[in-house]
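Now for the letters of each chain:
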Amino acid sequence: MENSFLIKTKDLVKIYSIGWKKLAALDHVSLNFAKAEFTGVVGPSGSGKTTLLNIIGSLDVPTEGSAEVLGKKVEDLSNRQAAVLRNHSIGFIFQTFNLLPVYTVYENVEFPLLLLGLSADERKQKVIKALEWVDLVDRAKSKPAQLSGGECQRVAIARAVVKKPAIILADEPTANLDAENSHNILRTMEELNRELKTTFIFATHDEKVIRYVRRKITLVDGKVTKDEAMNPTKAEGIGQ
Amino acid sequence: MIKFLFKGLLRDRSRSLFPILTVFLGVLLTVVFYGWIQGALTNMIDANARFSTGHVKVMSRAYAKEVDQIPNDLAFIGVEKLTQDLRQQYPGLIWVSRIKFGGLLDIPDEQGETRDQGPVAGMAVDLFSAETREWDILNLADALVRGRLPEKKGEILIGEKYALQLNVEPGETATLISSTMYGSMAMANFTVAGTIRFGVTAMDRGAMIADISDIRAALNMEDAAGEILGLFNDFVYRDERAEEIKAAFNAGYAKDNDEFLPVMDTLPGQSGMADYLKLVGSMSVTVLVIYIIAMSIVLWNAGLMGSLRRYGEIGVRLAMGETKGHLYRSLISESLMVGFIGSVLGTAVGLAITYFLQEKGINISGMMKNASILFSDVMRARITPAIFFIGFLPGMMATFLGTSISGIGVYKRKTANLMKELEA
Ligand SMILES: Nc1ncnc2c1ncn2[C@@H]1O[C@H](COP(=O)(O)OP(=O)(O)O)[C@@H](O)[C@H]1O
Ligand SMILES: [Mg+2]
């Protein structure tokens, strides 16, 4: 079943040089991710979570080792090829939402489809669908500034899933949200994961998130110290 | 995508308003400046043509060499025949003979003694022949201030200011004291029919307009004239045609060395006009280039500020898989929209102002007190076909240049840092 993995990293090493000091942000990380996974990467701040997502997301290249995403070796891609890979297959969700402030909710979600060159009809259909998933159809015409943080993050999720990418990478998606919104977001993502079979990988140190994941990878100082299957708690209505 | 960018522009004022305003102002200034220069040139050419140089002018070779001294002793004889020939050969032009003369104007009292006296700069033109066009060329009817226009021989017009200096009223007698073509003293009595003001300061200083046959009689210049002016029928100067006529005319006399044979020159060729026109031309080019550079720098900075402000947006777009080339081109597209809007508005408003300045004019006689160039005191702008793109193209160009340079930052952005930057 080796070939069914969407993402394979082998002895991934990322070294940052700060002056004469060298720092291994990732230290021989070998991990595989299958289709439809719902995985959390946890670990203290500075343990290399973001660096890992960066490389999987083809935003950065490893110093050593290899990362294969959807059959493509990230370290071998040109800038342009990396952009195409991201455009077609990877959705990003950020801690700070990063919506485009001058555009409406609808237009923010529509943007990735414009980049893909879809027709107006196709775009409309997909955007409405995505807004339905995150339950924001009635806010389609609002601007980001008129939305709450939770709503913004739901728009960001819609924007990430609207093109139905194979992989969604979320870096600390709940760090700027309160408990209720965090749960809300996670339930939405879990549903999408089940319905669309999208692979979700979170970098987080938020306990609330960890309760939902089905696999938990622990990083410490750039090394994988634990990789365990989880039995996600259904956290219906649970606060902090 | 274009629609998407356009929406962004409309909604984000700082993305559109400042750059549009910059382009707008730059284009506006360029258009008005250009219209103004064109107006000034037209004004200068027109005033010179009517009062002094014609569009082309024929003089004797000797006269032409010392034209500034009005050397009537070097005027040519046989003007009648030459004028007829010119009229026949170049019917597209109006041909008129003129004599310029200097001297004293003496105003006698009742006893015939000198009451007032002053130096005069006179011009003798054909006032009374059937085919004369001088009334149109000099616009005499409009220039009249007091009295009436000359109706018969012996009547002259003098400048209004000059009349006030000499205390002379229309209807009074004035005696011209000058010298004949052959150097002896000449005196002739005239009646001042009226006073005039051309609105050309250099012309109105000590001006006297007399009929050419009177002056011929007074100065012993039978069938002679200092100069024959040719003006295009519609009074619009055409450089190429004028040069053609000049070349053809002068070729006809090329073989002979006689100093009293006629020679033709064009308007720009006379009394340093060509240098002046060239200077104005290169001045406008310089100003235009400076405008473009200045506008580009301002817009470049606006672009830099914009990309700082839009750092997050650009980051997300890169993360979402927009290629750098695409993003760069979209910034350029935006700037072209900005350039287009600003340039259209700037040209439109600039044209409106130019039109106003063309119809209304501004009186600059105060600045012309000591000027020796012929220049109408009311300065007007002028709309020429070039004015429609003289601001427009630089406006587009400056936005394009400014954004092309500032947008290079997109290429310098490292995707590896996007996540961290976007988290901040
Ligand atoms: N661009 C960089 N230059 C130098 N050091 C970096 C850079 N990015 C990350 N690091 C370092 O690499 C380590 C891992 O960082 P990161 O992946 O952001 O950790 P996490 O997301 O788990 O907090 C940290 O020690 C961090 O300081
Ligand atoms: Mg991090």
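Residues numbered from 1 in each chain as written. Chains lettered and ligands numbered in written order. Predicted model: local features only at pLDDT ≥ 70, side-chain atom pairs only at ≥ 80, totals over all residues. Heavy atoms only, no water.

Talk me through helix α4 (residues 79-89) of chain B; I want residue IDs and the actual numbers.
Residue and element names in this part refer to chain B. Among the residues of α4, those classed as buried are Val79, Leu82, Thr83 and Leu86. All buried residues of α4 project into a common sector of 100° when viewed along the axis, lining one side. Exposed residues pointing more than 90 degrees away from the buried face of α4 are listed as Lys81 and Gln88. (Buried < 20%, exposed > 50% of the residue type's maximum accessible area, 1.4 Å probe, protein only. Helix = DSSP H or I, 4+ residues; strand = E, 2+ residues; numbered from the N terminus. Arc of directions from axis to C-beta.)

Give me the lowdown on the sheet that holds strand β6 (residues 90-93) of chain A, citing residues and values where you can.
All names here are of chain A. Spatially, the six strands line up as an open sheet ordered β6-β7-β8-β3-β9-β10, and their pairing is mixed. Among the strands making up the open sheet, the edge pair consists of β6 and β10 (223-229). Sheet twist, expressed as the average angle between the axes of neighbouring strands with direction ignored, equals 15°. As judged from the four bridges shared by β6 and strand β7 (residues 167-171), these two strands associate in the parallel manner. In the strand pairing of β7, Phe92 is matched with Leu169. Where helix α2 (residues 79-89) meets the sheet, it contacts β6 and β7, and its direction lies at approximately 80° from that of β6. (Pairing = 2+ DSSP bridges. Axes fitted to C-alpha atoms, helices over the stretch in contact; angles between N-to-C directions. Contact = heavy atoms within 4.5 Å.)

Kindly report on the site of ligand 1, identifying the contributing residues and their values.
Looking at ligand 1, there are 13 residues lining it, with Gly46, Gly48, Lys49, Thr50 and Thr51 of chain A nearest. Neighbouring residues of ligand 1 are not confined to a single chain but are spread across chains A and B. Contact between ligand 1 and Thr50 of chain A: an oxygen atom at 2.6 Å from a side-chain N or O atom of the residue. Notes on ligand 1: free accessible area 550 Å², of which the protein chains cover 72%. Residue assignment for the shell around ligand 1 shows that the elements contributing at least two residues are β2 (21-34) and α1 (49-56) of chain A. Considering every element that reaches the shell around ligand 1, the biggest residue donor is α1 of chain A, with three residues. Looking at the shell around ligand 1 residue by residue, the classes come out as four nonpolar, seven polar and two charged. (Near = heavy atom within 4 Å. Polar contact = N/O pair within 3.5 Å; in protein donor to acceptor, adjacent residues only side chain to side chain. Areas by Shrake-Rupley, 256 points an atom, 1.4 Å probe, with all protein chains shown as cover. Nonpolar A, V, L, I, M, F, W, Y, C, P; charged D, E, K, R; others polar.)

Which residues make up the interface of chain B and chain A, and what are the values?
Across the boundary between the two partners, chain B contributes 26 residues, which contact 29 residues of chain A. Between chain B and chain A lies a buried interface of about 2700 Å² when both sides are counted; carbon and sulfur atoms form 63% of it. Interface area lost by chain B to chain A is led by Phe4, Met320 and Met419 of chain B, which between them contribute 29%. Between chain B and chain A we count two salt bridges in total. Ionic pairing is found between Glu107 of chain A and Arg11 of chain B, a salt bridge with its closest N-O pair at 2.6 Å. At the boundary of chain B with chain A, the tally comes to nine residue pairs in polar contact (both at pLDDT 80 or more). Only α1 (2-11), α12 (311-319) and α17 (418-423) of chain B provide two or more residues apiece to the side of chain B that touches chain A. (Buried area = accessible area lost by both parts, 1.4 Å probe. Salt bridge = Lys/Arg side-chain N within 4 Å of Asp/Glu carboxyl O.)

For the confidence of the model for chain B, give the residues involved together with the corresponding values.
Any region with low pLDDT has predicted coordinates that should not be read closely. Per-residue confidence for chain B gives a mean pLDDT of 88; residues scoring 70 or more make up 97%. Reported for the predicted complex are a pTM of 0.79 and an ipTM of 0.91. (pLDDT = per-residue confidence, 0-100.)

Explain the nonpolar core to me, and be specific about the residues and the numbers.
In terms of nonpolar packing, the biggest core is built from 60 residues, with Val58, Leu86, Trp95, Leu105, Ile158, Met208 and Ile215 of chain B touching the most fellow members. Looking at this core, the element that brings in the most residues is strand β3 (residues 93-108) of chain B, giving eight residues. Every residue in contact with Leu105 of chain B, bar those within four places of it in the chain, is listed here: Asp116, Gln117, Gly118, Val120, Ile158, Tyr162, Leu166, Ala174, Thr175, Leu176 and Met208 of chain B. In terms of nonpolar packing, the next biggest core, distinct from the first, is built from 46 residues, Val41 and Tyr103 of chain A together with Phe4 and Leu327 of chain B among them. (Core = buried A, V, L, I, M, F, W, Y, C linked by side-chain atoms within 4.5 Å.)

Would you mind going over the packing of α1 of chain B against helix α13 (residues 324-360) of chain B in detail, with residue names and values included?
Residues and elements named next belong to chain B. Two elements in contact, α1 and α13, have axes separated by 10 Å at closest approach and are oriented at 60°. Taken together, α1 and α13 sit at an angle that is classed as oblique. Considering how the two elements wind past one another, α1 and α13 form a crossing that is right-handed. From α1, Ile2, Leu5, Phe6 and Leu9 reach across to α13, where they touch Ser330, Ser333, Glu334, Met337, Val338 and Ile341. Among the residues making up the contact of α1 with α13, the classes are represented as seven nonpolar, two polar and one charged. (Parallel < 35°, antiparallel > 145°, perpendicular 65-115°, else oblique. Left-handed = near helix turned anticlockwise from the far one by under 90°.)

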